[in-house]
Amino acid sequence: MSAARVIATHRRLLRVRTEDGREVLARPSRRELAPVCGDFVQCEFDQRHGELRVVAHEPRSSALYRTNARGGSELLAANLSLLLVVIAPLPRPDFFVVDRYLAAARCGGITSAIVLNKSELPADDDIERELAALIAAGYRCLRVSAHEGAGLDELRTLLHGQTAMLVGQSGVGKSSLLQPLVPHSDAAVGDLIRDDEGRHTTSTTRLYRLPGGGEIIDAPGVRDFAPAIDRLEPRALGFVDVESLASQCRFADCRHLREPGCAVRAALGATLSARRYESYRRLRRLYDRLRGERQDRGDRTRRR
Ligand SMILES: Nc1nc2c(ncn2[C@@H]2O[C@H](COP(=O)(O)OP(=O)(O)O)[C@@H](O)[C@H]2O)c(=O)[nH]1
Ligand SMILES: [Mg+2]
Ligand SMILES: [Zn+2]
């Protein structure tokens, strides 16, 4: 048995870095085992197939989960210390997606920050207003330009010693940011392959070592993102600004919707941005709906 690190995944196919520094292909040994990028794993050599088999993974210090198309929880990456949510003036940011990434990070034990790339392009007032709201909520925001190099030293300093992951909509420049950060990375900018559903995506999630110490994971771009609901802390769903107000609500189980004596609603428009609250409400609705559906499924299974 030998130790390794999962550095890339493409469905069930894995690339791992072994202790002697080789990068080799591997597959999980059993169906139930689904290692992800960032996982520390134990491997065995399968003589019959001439391939490495991952037989177990170490406990995860943090984890980023999403809700998949079937409403289930799906692990995207493990052992991250920093989630960088990348946006750009173009394509236009969807701040509801940004909020949901920040919530997933919060509930997964991962620090997060916002990176505005293509900062040499003008950002309109809407974008500036939303960034100001996120900074007020306590998030750090870096302005960088992969093309012109602005802000990259600050980004390098932030990344030092971290295991970070770049997430965000396709086209914001995640892969472009990798190139100055990881010299000789084979990060393919605009490297498009067709996935099973015929959509264009970058092929894999991949972990790179940073020259100054630390690691960075590039993930395929997404159009939408929702955190896994069973990973969300029920009181504030990972919204840090809601969380800091929730202790003052009259009821301990306040959902911050229509309950009397709600400190979150009382702060609306003052210390809590109306859009952040709307974003919280949408996630709350999804949370209640998916939990309801699970309850129904559970009831049906029990009746059988
Ligand atoms: N103007 C400008 N364009 C950029 C910058 N960074 C990346 N791009 C462009 O944005 C497009 C998408 O970049 P890519 O790195 O593939 O984005 P990803 O989908 O987030 O990985 C490419 O055409 C890049 O050349 C930047 O700092 N400024
Ligand atoms: Mg990319
Ligand atoms: Zn409340």
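Residues numbered from 1 in each chain as written. Chains lettered and ligands numbered in written order. Predicted model: local features only at pLDDT ≥ 70, side-chain atom pairs only at ≥ 80, totals over all residues. Heavy atoms only, no water.

Considering the overall build of the chain
Argument step 1. From N to C terminus, the chain includes 7 helices and 15 strands.
Argument step 2. A globule of 304 residues ought to have a C-alpha radius of gyration of about 19 Å, and the chain, at 21 Å, matches this closely.
Argument step 3. For the C-alpha atoms alone, the extent of the chain along its principal axes is close to 65 × 60 × 35 Å.
Argument step 4. Carbon and sulfur atoms make up 48% of the accessible area of the chain, which amounts to about 15,400 Å² in all.
Argument step 5. Of note, the chain has its 48 positive side-chain charges centred 5 Å away from the centre of its 40 negative side-chain charges. (Helix = DSSP H or I, 4+ residues; strand = E, 2+ residues; numbered from the N terminus. Rg over C-alpha atoms; globule rule 2.2 N^0.38 Å. Areas by Shrake-Rupley, 256 points an atom, 1.4 Å probe, with all protein chains shown as cover. Lys, Arg positive; Asp, Glu negative; His and termini not counted. Charge placed at Lys NZ, Arg CZ, Asp CG, Glu CD.)

Concerning the coordination of the zinc ion (ligand 3)
Think of it this way: four donors in a tetrahedron around the metal ideally sit 109.5 degrees apart, and six in an octahedron ideally sit 90 or 180 degrees apart.
Argument step 1. Donor atoms from the polypeptide that coordinate the zinc ion (ligand 3) comprise Cys249 (SG), Cys254 (SG), His256 (ND1) and Cys262 (SG), at 2.1 to 2.4 Å from the metal.
Argument step 2. In this structure, the zinc ion (ligand 3) is coordinated by 4 donor atoms arranged in tetrahedral fashion, with angles at the metal of 102 to 118 degrees.
Argument step 3. All donor residues of the zinc ion (ligand 3) come from one chain, and their arrangement in sequence is C-x4-C-x1-H-x5-C. Assigned by exposure class, Cys249 and His256 land together as buried. (Donors = N, O, S within 2.8 Å, 3.2 Å for Na, K, Ca; no water. Tetrahedral: all angles 85-135°; square planar, octahedral: opposite > 155°, others 65-115°. Buried < 20%, exposed > 50% of the residue type's maximum accessible area, 1.4 Å probe, protein only.)

Let's talk about the packing of helix H1 (residues 95–108) against helix H2 (residues 125–137)
Argument step 1. At a closest axis distance of 12 Å, the pairing of H1 and H2 adopts a crossing angle of 20 degrees. Considering their axes alone, H1 and H2 lie roughly parallel with respect to each other. You can see that H1 and H2 cross each other, and the crossing is right-handed. Together, Phe95, Val98, Asp99 and Leu102 of H1 and Ile127, Glu130, Leu131 and Leu134 of H2 make up the contact between the two elements.
Argument step 2. Of the residues contributing to the contact of H1 with H2, the split by class is 6 nonpolar, no polar and 2 charged. (Axes fitted to C-alpha atoms, helices over the stretch in contact; angles between N-to-C directions. Parallel < 35°, antiparallel > 145°, perpendicular 65-115°, else oblique. Left-handed = near helix turned anticlockwise from the far one by under 90°. Contact = heavy atoms within 4.5 Å. Nonpolar A, V, L, I, M, F, W, Y, C, P; charged D, E, K, R; others polar.)

Let's talk about the site of ligand 1
Argument step 1. Around ligand 1, a shell composed of 17 residues is seen, among which Glu120, Ala146, Gly171, Lys174 and Ser176 lie nearest.
Argument step 2. Interatomic distance of 3.4 Å between a backbone N/O atom of Val172 and an oxygen atom of ligand 1.
Argument step 3. Coverage of ligand 1 by the protein amounts to 77% of the 580 Å² it exposes when considered alone.
Argument step 4. Across the shell around ligand 1, the residue classes break down as 4 nonpolar, 10 polar and 3 charged. (Near = heavy atom within 4 Å. Polar contact = N/O pair within 3.5 Å; in protein donor to acceptor, adjacent residues only side chain to side chain.)

Overview of the pairing of strand E5 (residues 51–57)
Argument step 1. Most of E5 is tucked away: 5 of the 7 residues are buried.
Argument step 2. For strand E3 (residues 23–28) and E5, the ladder comprises 3 bridges, and the chain directions are parallel. Bridge pairing in E5 links Ala26 to Leu52.
Argument step 3. Alignment of strand E4 (residues 40–46) against E5, held across 6 bridges, turns out to be antiparallel. Each residue of the ladder has a partner; that of Glu44, found in E5, is Arg53.
Argument step 4. Taken together, E4 and the strand that follows it, E5, pair antiparallel across an intervening segment of 4 residues, in which Gly50 is found at a positive phi of about 60 degrees. (Pairing = 2+ DSSP bridges.)

Digging into the packing of aromatic side chains
Argument step 1. For the coordinates displayed, the defined rule picks out 3 aromatic pairs.
Argument step 2. Look at Tyr101 and Phe225: their rings are 3.9 Å apart centre to centre, the planes differ by 15 degrees, and that puts the pair in the stacked class. Here Phe225 lies in the loop between strand E15 (215–218) and helix H5 (240–246) and Tyr101 lies in helix H1, a separation of 124 residues in the sequence.
Argument step 3. For the pair Phe239 and Tyr280, a centre-to-centre distance of 5.8 Å together with 80 degrees between the ring planes defines the contact as edge-to-face. Of the two residues, Phe239 is situated in the loop between E15 and H5 and Tyr280 in helix H7 (residues 274–303); the sequence distance between them amounts to 41 residues. Here Phe239 and Tyr280 have matching classes, each one buried.
Argument step 4. Three or more aromatic residues joined by ring pairs form one cluster here, namely Phe239, Tyr277 and Tyr280. (Phe/Tyr/Trp six-rings, centres within 6.5 Å; stacked < 30°, edge-to-face > 60°.)

Considering the confidence of the model for the chain
Argument step 1. Summary statistics for the chain give a mean pLDDT of 91 and a share of 93% for residues scoring 70 or more.
Argument step 2. Taken as a whole, residues 187–202 scores under 50 in pLDDT and shows 24 contacts with residues more than four places along the chain or in a different chain. (pLDDT = per-residue confidence, 0-100.)

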